[in-house]
Every structure is written in C-alpha cells, then in structure tokens.
Amino acid sequence: MRLKLLLVCVMAYGLVAAQAPKLSPKKLTALKNEAAEKVDPKLAQVMVDKIFSFAELGFQEYESSKYLTELLEKNGFKIERGIAGIPTAWTATWGSGSPVIALGSDVDCIPKASQKPGVAYHDPIVEGAPGHGEGHNSGTPLNIAAALAVKQIMERDKIPGTLMIWPGIAEELVGTKAYYTRDGYFDNVDICLFTHVGSNLGVTYGPASGTGLISVEYTFEGEAAHSAGAPWRGRSAADAVELMNIGWQYQREHLEPLQRSHSVITNGGDQPNVVPSKASIWYYFREITYPNIMKLYENGNRIADGAAMMTNTKVTHRTLGSAWPRHFNQPVAEAMNENIKVVGLPAWSAEDQMLAKAIQREVKSKNDTTGMPSKLDEFKAPDAEPRSGGSDDIGDISWKVPTVTMRFPSNVPGLPGHHWANAVAMATPIAHKGVVTGAKVQAMTIIDLLTKPELVAKAKDYFDNVQKAKQQYKPMITKEDKPATYLNAEIMKQYRPELEKFYYDETKYGSYLEQLGIKYPTVKK
C-alpha cells in the first residue's frame, strides 16, 4: 500500500516539478560541489559578526532583521515584513515554481550573556547586557550564504524552484513559529531545512530527543491595602502566586519523570507597605508528547484556580508561546547526511583548539575537555527510549511540512548552554568555519531537492504516512492568542544605547575581534 502511495506522490509531484532538470549522477555531483564552492566565507564572517554585535533579545531583533532583510533585498529577494503580527518577523523569497524550500534559523540572544568573543573567561562587552550565549547569530547567516550560492546556479541553469528564508524570532521564548503555521506562512512550502548551532556537524530523523512545551503566564488580581494600617482589608495577589508555586512543587512528586517544568515570578507586587493587588508567575510546562503537555497545562490551571480560591483573588492566564515535540524527516535527513559526509568537519587551527580547551577548563566541563571535534557524530536511528531535555518551536513547523534540523559546528562542546561561555566562540574563526561548513551542506541539499523530485515525493510520503500515522498536529495556541511582542522591550531599552557603541563596522575592520582589539585567543595564563 505504501509503495502505491509513494508512486502516486512521485507522479503528482512530477506534474508540478516537470521542469526540474534530469541530471546524471556525475552532473549532479559536479553541480553540488560547485554550489559548495560558491559559498562566500567573507560574507558569512561579516553576517555572523554583525548579528553577534547587535545582541538582541526575543521580539526585539530590530537591528538584526533590518540588516538581514536589506542584504537580501539587495540580492533580489522579495521581503514581507511584520508577518504574523510580529514587527521583527519576515520572509524573504526568490525564484518561482516548485519545490518551495524554506530555510530557517533563529536570531535572538540570551539575557545577561554579554561576552567578548575569543576571550576564554568572563569578560562582558557591556556588563549585565544580553549576548549570544546560544549562538543564534550564526544560523541565518548560514542559510543566506547557502541560498546566495545556489541562486547563482539556479539563475544560470534556469532551475525552477522557490527559496524562502525566514527567521526564528524569539525562539528562547518559543514565541513565534506556532503563529507562522497558524497564519498560513508554510501552507505552500514543500520542505523546510532548519539549522541550529552545535559543536559538531549532523542531522537526525524521527522523534527528536527533548520536549515540547506550553508557556503560560498566570496573573492574579486581589485588593490593595496598607500593609500595616489595614492589612485585613487587602487580598494579596502575591500570596496567590506563592501558593500556586507551592502547589506545583507538591505536584512534582506525582509527575512523569520525563517532564520538565520551571517558573519565574514576573510581578511580585510593588512595595512591601502595599498589599499587592496584582501579581504574576510564568511557567514552562514541558513533556515529550502533546497529550502529556496538555495534561501538565490542565494541572497548572487547576492549581492556579485553587490558589485564587484560597486567597479570594481572581486569576487569568495567557499563553505566551508553545513548541510541539519535534519530528524530523527521514528521506531528507538521509540525503543531507550524504552531503555532510562529503563536506566533513572544518580544519581547526591550533588557536581554535586553544580557545576551545581553555573555555572548557574555565567552566569545568567534565565530559568534553579535548577542544573542537575531529570526527563526525554517528548518523543513526532515533533512540528507542525517549529522552527529556530542551524544546524548540521548530517542532510546530515539523508537523506542518517535512522538516530537518542540521546542527553545525560553530560552538565548543561541553558548555552549559544559555550562558556567557556559549558566546565566547560565536564571533571567532570557530563560528565562521562552522557556518561556512554548514552552508556548504545546506547548499548541496538544496540542489538535491531542486533536481530530484523523487526525493521531495519520498519526504512527503514519510510525512503523511509515517510521521502522521499516529499523531495529528493540533496547535496549542488558539485563533485568539497573539504573540507576546512586548516581552524584553524594557531590557533592550535599557541596554541598547550602550550596545550600539559596539556594533560591528565591517567597512573599517576585517573582523569583530579586530574592532574590539582582542588577541585571538585570549586565555588565562
């Protein structure tokens, strides 16, 4: 039966992509190698360093988006700005016809992760400011470098197809990709190639390790009063927040081991001598399946209602973001892995290894102490047993269209993640080499998809008849939910004036290291 369905998919897709060139294996290999060679290392370096210097938190990526969209416009891409009601979100499209290939990656950074690149100890550019302690300054430059390389070949050889570049805005808040899918921006996409910074070069398929989540803020409203003069007249919203948090802590004993849940109090009241009339707490509820995520969410809602009853307050809640558990496409991952084997890892210099080992020592890494990798990770089947861990809202897109995520080696193994140490390599030759390497793989895979309609058909067959055989996508957000675009605005308002003094000027300096006057690498004696 699956064979019949696959034949139907191939025939149907062949009608749409009838003009895709039929290439011999030798010609295809030559075209892919040419695409890899056309990746521009200098452009990649400038983009990586530029986005690093902007250091913008989620929903506030104004400089990053302005720079990237203007660059793409100059290269012939059509820009749609402000998609899904998000001022910093956009799509950039070029070409015509099928297949439509979406190239995505994130651009936001981490609070309090400001760090001078190439310095293997804590030395912030601006004390307390945001910084790229996740490495999101690298993925979109990779996609652009790959797309511009492929675009040259498509124009010359008149290869049909459409490239769509898009940014993961506010990924650290899992704040946007569900809105992209809800609002139809992937309705006409055939394949999505996503990239994320890592410390090796690889791709996976099937259910990804880690979790999905729903992000919810609970707001309690009570009655203010003088805390000393007439506290009996008040109804404390802060008490309700504390009771909800206590209730959730007692709930933990009875939750499945793979769940992850954590919270921050976003509003604890105004000052001690006023009974807080309003207070809020923000939760991430994580699990490895959609039904279990929603069970956690329901538990949280019940506990919030109970806290409101105990304190005679009222409670409302708002979804701030969501991320489905990820599932990646096997045929596309297999094709990409063949390209990974051809490209291989970068040639790390002695200086690269010195920096990597020094920052591993600085953070007392236990499992990774030997610097940058010299061997590719194994390409293997999904783990038999699910593993808990982090989330990424690429999960929503992976349930909308066939999707893979390529990890590329622009950061150092063994670091804490979401930490200043993860910014150390991200505007250095390590990051630049990793991006160029990943862009070559991405370019070669795009050529595969443009010239092999049978690969796209197989990807769709897997998506429809394997991935969705037991689970159908149902968004966690509703039609009424809106992106939380106000988040991080005050933090960026505070730090942007200082960060602006350090924006990278590529017209004056060959690299951001040069602009900052940093000797590469700078390590403790």
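Residues numbered from 1 in each chain as written. Predicted model: local features only at pLDDT ≥ 70, side-chain atom pairs only at ≥ 80, totals over all residues. Heavy atoms only, no water.

**Student:** Help me out: how do you make sense of the overall build of the protein in this one?
**Tutor:** Secondary structure summary: the protein contains 15 helices and 13 strands in total. C-alpha extents for the protein along the principal axes are approximately 85 × 65 × 40 Å. A buried classification covers 57% of the 525 residues belonging to the protein. Long-range pairs, those at least 24 residues apart, make up 82% of the contacts in the protein between residues at least 6 apart in sequence. Of the accessible surface of the protein, which amounts to about 22,600 Å², a share of 52% is contributed by carbon and sulfur atoms. Charge centroids of the protein, computed over 58 positive and 58 negative side chains, lie 3 Å from each other. (Helix = DSSP H or I, 4+ residues; strand = E, 2+ residues; numbered from the N terminus. Buried < 20%, exposed > 50% of the residue type's maximum accessible area, 1.4 Å probe, protein only. Contact = heavy atoms within 4.5 Å. Areas by Shrake-Rupley, 256 points an atom, 1.4 Å probe, with all protein chains shown as cover. Lys, Arg positive; Asp, Glu negative; His and termini not counted. Charge placed at Lys NZ, Arg CZ, Asp CG, Glu CD.)

**Student:** Before we go on, may I ask you to explain the sheet that holds strand β6 (residues 202–203) in this structure?
**Tutor:** Each strand in a sheet pairs with its neighbour through backbone hydrogen bonds, running either in the same direction (parallel) or in the opposite one (antiparallel). The strand order across the open sheet formed by 7 strands is β1-β2-β4-β3-β5-β13-β6, and the pairing between neighbours is mixed. What marks the edges here is a single partner per strand, and that holds for β1 (78–81) and β6. Relative to strand β4 (residues 161–168), strand β2 (residues 90–96) runs antiparallel, the two being bridged by 5 bridges. Note that in β4 the partner of G95 across the bridge is T162. (Pairing = 2+ DSSP bridges.)

**Student:** I tried to follow the pairing of strand β3 (residues 100–106) on my own but got confused; where do I start?
**Tutor:** A regular strand carries its side chains on alternate faces of the sheet. Of all 7 residues in β3, 7 are buried; the element is thus mostly enclosed. Burial of the side chains of β3 extends over both faces: V100, A102, G104 and D106 are buried on one face and I101, L103 and S105 on the other. The pairing of β3 with β4 spans 7 bridges and is classified as parallel. Bridged to L103 within β4 is I165.

**Student:** It is not clear to me how the environment of Y218 should be interpreted in this structure. Could you clarify?
**Tutor:** Its place among the elements puts Y218 in strand β8 (residues 212–221). Residue Y218 is classed as buried on the basis of its relative accessible area, which comes to 0%. Along the chain, Y218 and Y250 lie 32 residues apart, while their C-alpha atoms are 18 Å from each other. A polar contact is formed between the side chain of Y218 and the side chain of N301, at a distance of 2.8 Å. (Polar contact = N/O pair within 3.5 Å; in protein donor to acceptor, adjacent residues only side chain to side chain.)

**Student:** Whenever I open this one, helix α5 (residues 139–157) confuses me. Can you help?
**Tutor:** Think of an α-helix as turning once every 3.6 residues; residues three or four places apart then point the same way. Here α5 spans 27 Å end to end across 19 residues, near enough to the 27 Å set by a 1.5 Å rise per residue. Burial analysis of α5 places 15 of its 19 residues in the buried class, the great majority of the element. Positive phi appears at K158, one or two residues downstream of α5, with a value of about 55°. (Expected span 1.5 Å × (residues − 1).)

**Student:** Teacher, can you tell me more about the environment of Q45 here?
**Tutor:** If you trace the backbone, Q45 turns up in helix α3 (residues 41–54). For the pair Q45 and A443, spaced 398 residues apart in the sequence, the C-alpha separation amounts to 17 Å. Excluding anything up to four places from it in sequence, Q45 contacts H432, Y504, G510 and S511. For Q45, the side chain forms a polar contact with the side chain of D49, separated by 2.9 Å.

**Student:** I'm lost on the packing of α5 against helix α12 (residues 429–451) in this one. Help?
**Tutor:** Taken N-terminus to C-terminus, the directions of α5 and α12 make an angle of 45°; their axes are 8 Å apart at the nearest point. Judged by the inter-axis angle, α5 sits oblique to α12. Relative to α12, the crossing made by α5 is right-handed. Every residue of α12 that contacts α5 at P141, L142, N143, A145, A146, V150, I153 and M154 is listed here: V435, G438, A439, Q442, A443, I446, I447 and L450. Here the contact of α5 with α12 is composed, by residue class, of 13 nonpolar, 3 polar and no charged. (Axes fitted to C-alpha atoms, helices over the stretch in contact; angles between N-to-C directions. Parallel < 35°, antiparallel > 145°, perpendicular 65-115°, else oblique. Left-handed = near helix turned anticlockwise from the far one by under 90°. Nonpolar A, V, L, I, M, F, W, Y, C, P; charged D, E, K, R; others polar.)

**Student:** Explain the sheet that holds β8 here, please?
**Tutor:** A sheet is described by the order of its strands in space; here 4 strands give the open sequence β9-β10-β8-β11, paired in antiparallel fashion. What marks the edges here is a single partner per strand, and that holds for β9 (260–267) and β11 (314–323). Across the sheet, the mean angle from the axis of one strand to that of its neighbour is 20°, orientation sign disregarded. With respect to the sheet, helix α7 (residues 237–251) is in contact with β8, β9 and β10 (278–287), its orientation differing from that of β10 by roughly 20°.

**Student:** Sorry if this is basic, but what is going on with the nonpolar core here?
**Tutor:** Here is a general trend for soluble globular proteins: nonpolar side chains tend to be buried in one another's company. Counting 111 residues, the largest nonpolar core has F77, I165, W166, Y180, F186 and L193 as the members making the most contacts within it. Setting aside anything within four residues of it in sequence, one finds Y180 in contact with I83, A84, I86, A89, W166, P167, I169, Y185 and F186. Counting residues in hydrophobic clusters, the runner-up holds 28 residues, among them A279, Y290, I303 and A304. (Core = buried A, V, L, I, M, F, W, Y, C linked by side-chain atoms within 4.5 Å.)

**Student:** Can you help me understand the packing of aromatic side chains in this one?
**Tutor:** Summed over all chains, the structure comprises 16 aromatic pairs. Here W324 and Y473 contribute two aromatic rings whose centre-to-centre distance is 5.2 Å and whose plane-to-plane angle is 65°, an arrangement assigned as edge-to-face. In this pair, W324 sits in the loop between β11 and β12 (327–328) while Y473 sits in the loop between α13 (453–465) and α14 (489–500), placing the two residues 149 residues apart along the sequence. By relative accessible area, W324 is classed as buried at 1%. (Phe/Tyr/Trp six-rings, centres within 6.5 Å; stacked < 30°, edge-to-face > 60°.)

**Student:** Quick question: what am I supposed to make of the pattern of salt bridges here?
**Tutor:** Side chains that differ in sign of charge can pair as their charged atoms come close. Under the criterion given, the structure shown has 23 salt bridges. Its salt-bridge partner being R235, residue E223 comes within 3.4 Å of it at the nearest N-O pair. Taken together, the residues E223 in the loop between β8 and α7 and R235 in the loop between β8 and α7 connect sequence positions 12 residues apart. The exposure class assigned to E223 is partly exposed, which follows from its relative accessible area of 38%. Note on R235: relative accessible area 27%, which makes it partly exposed. (Salt bridge = Lys/Arg side-chain N within 4 Å of Asp/Glu carboxyl O.)

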